[in-house]
Amino acid sequence: MHKFLKNILLISTTLFLLTSVLIVGLLWIYSNNIPDYKFLKNYKPPVSSKVYSGEGELVADYSKEKRVFVPYSSIPKNVIYAFLSAEDKNFFSHPGVDAKGVMRAVINNISNIISSKRLEGASTITQQVAKNFLLTNEVSINRKIKEAILAFRIERALSKERILELYLNQIYLGSGAYGVAAASLEYFDKSIRDLNYSEAALLAALPKAPSKYNPYKDIELAKFRRNLVLKNLFDNNYINLELYEKIKTQEIILSKKKKIYLEDAQYFIEDVRKNVIENFTYDKVYKQGLNINTPINLELQ
């Protein structure tokens, strides 16, 4: 009996050591084949340049991605709480990968596979930053391993606030809007400083599937998803029961900014674009968010 236990212990120890060596070897191989993440310290996403009339009205914008960059210090707490509740409630406590979230996803996915349901992900906000900035959308174990390694390294190099700032300004939220500030203007025509919890929850509902939950396409499905985020806000103690009960029944009121289309002004706007590109370069015009004032008079036009 003693010999049997000794053999079991020896086999277990050998398997443990072999597994450890294999894991360390794989991590070493992947660690030497991942993108450079250090530029994220000073990275600023591309911001559109805006053209204004002589009266200060927005006439056009030059951009590849509709985005308004907002520093972390200017993002309201209700917006931050909504996204944490929707995407990564343990963000400020995990080291880049949420072990509890991974285990929960594994357990749930066993049931999902049996019932042929969509598999759950367990990506943290840091992992999403790694994917959005440094990797592709390829669905594979290879990418997930790289994503996890990058997440750990990003957490060591950047503060939690900086990671969240990158995420909230880069994430695509549907209708051509990138980042929370642009999405706030797109759906509510207001600054993120003026968003209430219901509106913040709607924005936080969008990253999961921006097209599917777009309120312009399906208001009821968007409301359903928004209410899930509101429930998470309540469960995480960011809002009280009274507020939760009050706002979960509220209708979604959208207010898209009216675009001024001036057919006769398009030649003028194009000449302005060519002029500023010639003087400031294409990259500055399309990435650095210039404010371009012109003498155009909309009434006369």
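Report follows, based on the coordinates. From a predicted model like this one, the values you see are computed outputs, not experimental measurements. (Residues numbered from 1 in each chain as written. Predicted model: local features only at pLDDT ≥ 70, side-chain atom pairs only at ≥ 80, totals over all residues. Heavy atoms only, no water.)

### Some words on the packing of aromatic side chains
Evaluated as defined, the whole model comprises 10 aromatic pairs. Both rings, one in Phe-83 and one in Tyr-167, keep their centres 6.4 Å apart while their planes meet at 80°; by these two values the pair is edge-to-face. Of this pair, Phe-83 sits in helix α2 (residues 77–87) while Tyr-167 is found in helix α6 (residues 160–170), placing the two residues 84 residues apart along the sequence. Both rings, one in Tyr-187 and one in Tyr-216, keep their centres 5.5 Å apart while their planes meet at 25°; by these two values the pair is stacked. Of this pair, Tyr-187 sits in helix α7 (residues 180–188) while Tyr-216 sits in the loop between α8 (197–205) and α9 (219–235); the two residues are 29 residues apart in sequence, bridging distant segments of the chain. One aromatic cluster is present, formed by Phe-39, Tyr-43 and Phe-133 through successive ring pairs. For Arg-225, the ring lying beneath its charged end belongs to Tyr-213, and the centroid distance is 5.8 Å. (Phe/Tyr/Trp six-rings, centres within 6.5 Å; stacked < 30°, edge-to-face > 60°. Helix = DSSP H or I, 4+ residues; strand = E, 2+ residues; numbered from the N terminus. Lys NZ or Arg CZ within 6 Å of the ring centre and 35° of its normal.)

### Let's talk about the side chain of Glu-87
As for its position among the elements, Glu-87 is in helix α2. Lacking a salt bridge, the buried Glu-87 has Arg-225 as its closest oppositely charged neighbour, with an N-O distance of 4.3 Å. Here Gln-128 takes part through its side chain, which lies 3.0 Å from a polar atom of the side chain of Glu-87. When residues no more than four places from it in sequence are discounted, the contact partners of Glu-87 are Ser-123, Ile-125, Gln-128, Tyr-167, Ala-204, Pro-207, Lys-208 and Arg-225. (Buried < 20%, exposed > 50% of the residue type's maximum accessible area, 1.4 Å probe, protein only. Lys, Arg positive; Asp, Glu negative; His and termini not counted. Salt bridge = Lys/Arg side-chain N within 4 Å of Asp/Glu carboxyl O. Polar contact = N/O pair within 3.5 Å; in protein donor to acceptor, adjacent residues only side chain to side chain. Contact = heavy atoms within 4.5 Å.)

### Concerning the side chain of Arg-225
Of note, Arg-225 is situated in helix α9. Sequence-distant contacts of Arg-225, defined by excluding residues within four places in its chain, comprise Ala-86, Glu-87, Ala-205, Lys-208 and Tyr-213.

### Structural notes on the nonpolar core
One finds Leu-40, Phe-83 and Leu-164 to be the most contacted residues of the largest nonpolar core, which totals 58 residues. Looking at this core, the elements that each hand over two or more residues are α2, α4 (125–134), α5 (141–157), α6, α7, α8, α9 and α10 (241–247). Here this core gets 7 residues from one element, more than from any other, and that element is α8. Every residue in contact with Leu-40, bar those within four places of it in the chain, is listed here: Val-129, Phe-133, Leu-134, Ile-154, Leu-158, Arg-162 and Leu-166. Grouped together as the second largest cluster of nonpolar side chains are 13 residues, Ala-265, Ile-269, Val-285 and Ile-296 included. (Core = buried A, V, L, I, M, F, W, Y, C linked by side-chain atoms within 4.5 Å.)

### Quick word on unusual backbone geometry
If you check the backbone angles, Ser-175 has positive phi at about 55° while not being a glycine. Residue placement: Ser-175 occurs in the loop between α6 and β4 (177–178). Phi at Thr-281 is positive, roughly 80°, even though this residue is not glycine. Mapped onto the fold, Thr-281 is located in the loop between α11 (266–280) and α12 (282–287).

### With respect to the packing of α2 against α6
The geometry of α2 relative to α6 is characterised by a closest axis approach of 12 Å and an angle of 85° between their N-to-C directions. Our classification of the angle between α2 and α6 gives roughly perpendicular. Listed contacts from α6 to Ile-80, Phe-83, Leu-84 and Glu-87 of α2 are Leu-164, Tyr-167 and Leu-168. Taken together, the residues that form the contact of α2 with α6 break down as 6 nonpolar, no polar and 1 charged. (Axes fitted to C-alpha atoms, helices over the stretch in contact; angles between N-to-C directions. Parallel < 35°, antiparallel > 145°, perpendicular 65-115°, else oblique. Nonpolar A, V, L, I, M, F, W, Y, C, P; charged D, E, K, R; others polar.)

### Considering the pairing of strand β1 (residues 49–52)
Here 4 bridges tie β1 to strand β2 (residues 58–62), and the two strands are oriented antiparallel to one another. Bridge pairing in β2 places Ser-49 opposite Tyr-62. Examined bridge by bridge, β1 and strand β5 (residues 291–293) share 3 bridges and lie parallel to one another. For Val-51, the partnering residue across the bridge sits in β5 and is Ile-292. (Pairing = 2+ DSSP bridges.)

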